[in-house]
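The primary structure of each chain is shown beneath.
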Amino acid sequence: MSLVRNRFILRSGLAALGACLLMPAFAGPLKDAIVDRMLTRKLEQAQDGGAAAMEGQMLPVPLPPGARLEKDFSYGSDPAQKMDIYIPQHTGLAPVIFMVHGGAWMVGDKGMSKVIINKAARWLPKGYVIVSVNYPMLPNSPVDQQARDVAKALSVAQANAASWGADASRFVLMGHSAGAHLVTLISADPQIAYSAGAKPWLGTVSLDSASMDVVKTMEDKHYSFYDKVFGSDPNFWRQVSPYQRLTKAPPGPVLMVCGTGRADSCPQAQAFAQKVISLGGKATVLPQGMNHGDINGKLGEPGGYTDAVENFLRSLGVS
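None of the values given here were measured: they were computed from a predicted structure.

Caption draft 1: Looking closely at the pairing of strand β8 (residues 283-288). Across six bridges, strand β7 (residues 254-259) lies against β8 in parallel orientation. By the bridge assignment for β8, Leu-255 is matched with Thr-284. The β-α-β motif built from β7, the intervening helix α11 (residues 265-278) and the parallel element β8 has right-handed crossover chirality.

If you want it as C-alpha cells, here you go:
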C-alpha cells in the first residue's frame, strides 16, 4: 500500500470512527463490532507504517512573534526519547505545560497537529513553556515502561527548565487518551516519577482516558486492542491502573476531562475523582460533548472548554 493511501485511510478511518462514537442511533452490538474492527485496523496500519503513517496529521506549528522551538531534545538514548520545547518570547520562571500525546500506547507523535497547535496558540502568548513528549511505544515498550519513560522525561525537563526560562516547580502534567492514562498513573503513584528523579508538580490535566481503572476496563466488555495493550494478567492490570495505584492524594489537583459521547470515559473519570477526594485530594470532572479527538485538538481554541481548563490552571497559580 502506498504511503499516500495509508495516510488517507488512517485520517478518514479515524474521523469516521469518531463520528460513529457520537451517533446515538448507531448503537448496540453492531456498532461495537464495527467500531472495534475499524479502530483495531487503523491502529495496526499506523503501527505498521511507523511515524510516517501519521505524517498526514503533522503540520507546522505557527509560533507567536518571538517564540521559538527547541526540537527533539533528548532525554535518553532511545530515538523515541525526545521532547519538543516551545518557548515564549518572554520567559523567566515561566510555568510549564508538560504534554503527553495519545495513540492507544502504540502510535502517535509529539508534533501532531491536535497535540500542539491550538495549545501553542493559546498558551505561548500567555508566557507558558510547552514541553511535548515522545516515548517508546508498543510493541517494543510495555505500558509500565512507558510510564517510567514519561517520568524520566519529566525529570529531565525539570532539570533543564531554567535554561528555557521556566520554573521547575511550576509544571502541570497534561495528556490525552493513552497519554492521559500515563500522566494520571504517575499522579496516582508519584513514586514512579520520584524514582526517576522528578520533583513534585502542581497538578494534572487528564484529557479523555477510559483507562483510569484498568481492572474494570479489562473485566468489562472492551475493544480488542486493549488485549494487546494490557494482556491477560490481572496483576499487570493492577500495576498499570491509576485507580488501583492511588493510595493517597496526588501531588496536586487533578482535572478529568471526559467525552459524554462514549459510555466508558466519564464513569471512569468520576470514580477516579471520587477516590482522590476520599483520600483528601482535589479532583474535578469536566464532561464535554465532543468527540475523543476534538477534546485534544480543540483545547486552546476560544470558548468555554478552554476557559474551564484555563481556570483550573489559574487555580494552581500558574496563569
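Caption draft 2: Representation of the side chain of Ser-265 in the model. With respect to the helices and strands, the residue Ser-265 is situated in helix α11. One polar contact links Ser-265 to Asp-208, side chain to side chain, over a distance of 2.5 Å. Beyond its immediate sequence surroundings of up to four residues, Ser-265 is in contact with Asp-208, Ser-209, Ala-210, Cys-258 and Gly-259.

Caption draft 3: Summary view of the nonpolar core. Of all hydrophobic cores here, the largest spans 53 residues; its most connected members are Met-83, Phe-98, Trp-105, Val-131 and Phe-230. A total of eight residues in this core trace back to one element, the largest contributor, which is helix α4 (residues 143-160). Residue contacts for Phe-98: discarding those within four places in its chain leaves Met-83, Val-131, Val-133, Val-150, Ala-153, Leu-154, Ala-157, Phe-171, Val-172, Leu-173 and Met-174. One finds Ile-130, Leu-207, Tyr-305 and Leu-313 within the second-largest nonpolar core, a separate group that totals 29 residues.

Caption draft 4: Looking closely at the state of the cysteines. Overall, the coordinates contain one disulfide when judged by the stated rule. Disulfide pairing is shown between Cys-258 and Cys-266; the S-S distance is 2.1 Å. On the S-S bond that ties Cys-258 to Cys-266, the torsion sits near 95 degrees, and the link is right-handed.

Caption draft 5: The arrangement of the packing of aromatic side chains in detail. Across all of its chains, the model carries eight aromatic pairs by this definition. On the numbers, 6.0 Å between centres and 15 degrees between planes, the contact of Tyr-226 with Phe-230 is stacked. Of the two residues, Tyr-226 and Phe-230 both sit in helix α8 (residues 225-230), four residues apart, roughly one turn of that helix. In this structure, Tyr-226 and Phe-230 share a single accessibility class: buried. An aromatic cluster of at least three residues, connected via ring pairs, comprises Trp-105, Phe-225, Tyr-226 and Phe-230. The positively charged end of Lys-275 is found above the aromatic ring belonging to Tyr-243, 4.3 Å away from the centroid.

Caption draft 6: Representation of the environment of Lys-119 within the structure. With respect to the element layout, Lys-119 can be found in helix α3 (residues 113-123). Here Lys-119 falls in the buried class, since its relative accessible area comes to 2%. Considering only alpha carbons, one finds Lys-119 and Gly-300, 181 residues apart in sequence, at a separation of 4.7 Å. If we ignore the near neighbours within four places in the chain, the residues touching Lys-119 are Met-99, Lys-114, Leu-124, Ile-130, Met-174, Leu-207, Asn-296 and Leu-299.

Caption draft 7: Region of interest: helix α13 (residues 304-315). The end-to-end C-alpha separation of α13 is 16 Å, in line with the 16 Å expected for twelve residues at 1.5 Å each. Turning to α13, its buried residues are Tyr-305, Thr-306, Val-309, Glu-310, Phe-312 and Leu-313. What you see down the axis of α13 is that its buried residues fit within an arc of 150 degrees, all on one side. Away from its buried face, by an angle of more than 90 degrees, α13 presents the exposed residues Gly-304 and Ser-315.

Scoring rules and cut-offs
Note on numbering: residues in each chain are counted from 1, in written sequence order. In keeping with the model being predicted, local features are shown solely for residues with a pLDDT of at least 70 and side-chain atom pairs are shown and tallied solely at 80 or more, while totals for entire chains, interfaces and linings include all residues. Only hydrogens and water are set aside; all other atoms, that is, all heavy atoms of the structure, feed into the side-chain values. DSSP-based pairing: two strands are paired if at least 2 bridges between them are found. We count a stretch as a helix when DSSP gives it H or I for four or more residues in a row; a strand needs E for two or more, and each element gets its number in order from the N terminus. The handedness rule is simple: strands pointing away from the viewer, and a clockwise path from the first strand over the helix to the second, make the crossover right-handed. Any N or O atom pair separated by 3.5 Å or less is treated as a polar contact, with the protein-specific requirement of one donor-capable and one acceptor-capable atom, and with residues adjacent in sequence counted only for side-chain atom pairs. Two residues qualify as a contact provided that any one of their heavy atoms is within 4.5 Å of a heavy atom in the partner residue. Among buried residues, those of type Ala, Val, Leu, Ile, Met, Phe, Trp, Tyr and Cys that are joined through side-chain atoms within 4.5 Å constitute a nonpolar core. For the exposure calls, accessible area comes from a 1.4 Å probe over protein chains only, and a residue counts as buried if that area is under 20% of its type's maximum, exposed if over 50%, partly exposed in between. Defined by distance alone, a disulfide is two cysteine sulfur atoms within 2.5 Å. Stacked, tilted and edge-to-face are the three classes assigned to paired rings of Phe, Tyr and Trp, where Trp is represented by its six-membered ring and a pair needs centres within 6.5 Å; plane angles under 30 degrees give stacked, over 60 edge-to-face, the rest tilted. To sit over a ring, a charge needs its Lys NZ or Arg CZ within 6 Å of the ring centre and within 35 degrees of the ring normal. Expected helix span is computed as 1.5 Å times (number of residues minus one). What the arc measures is the spread of directions leading from the helix axis to the C-beta atoms.

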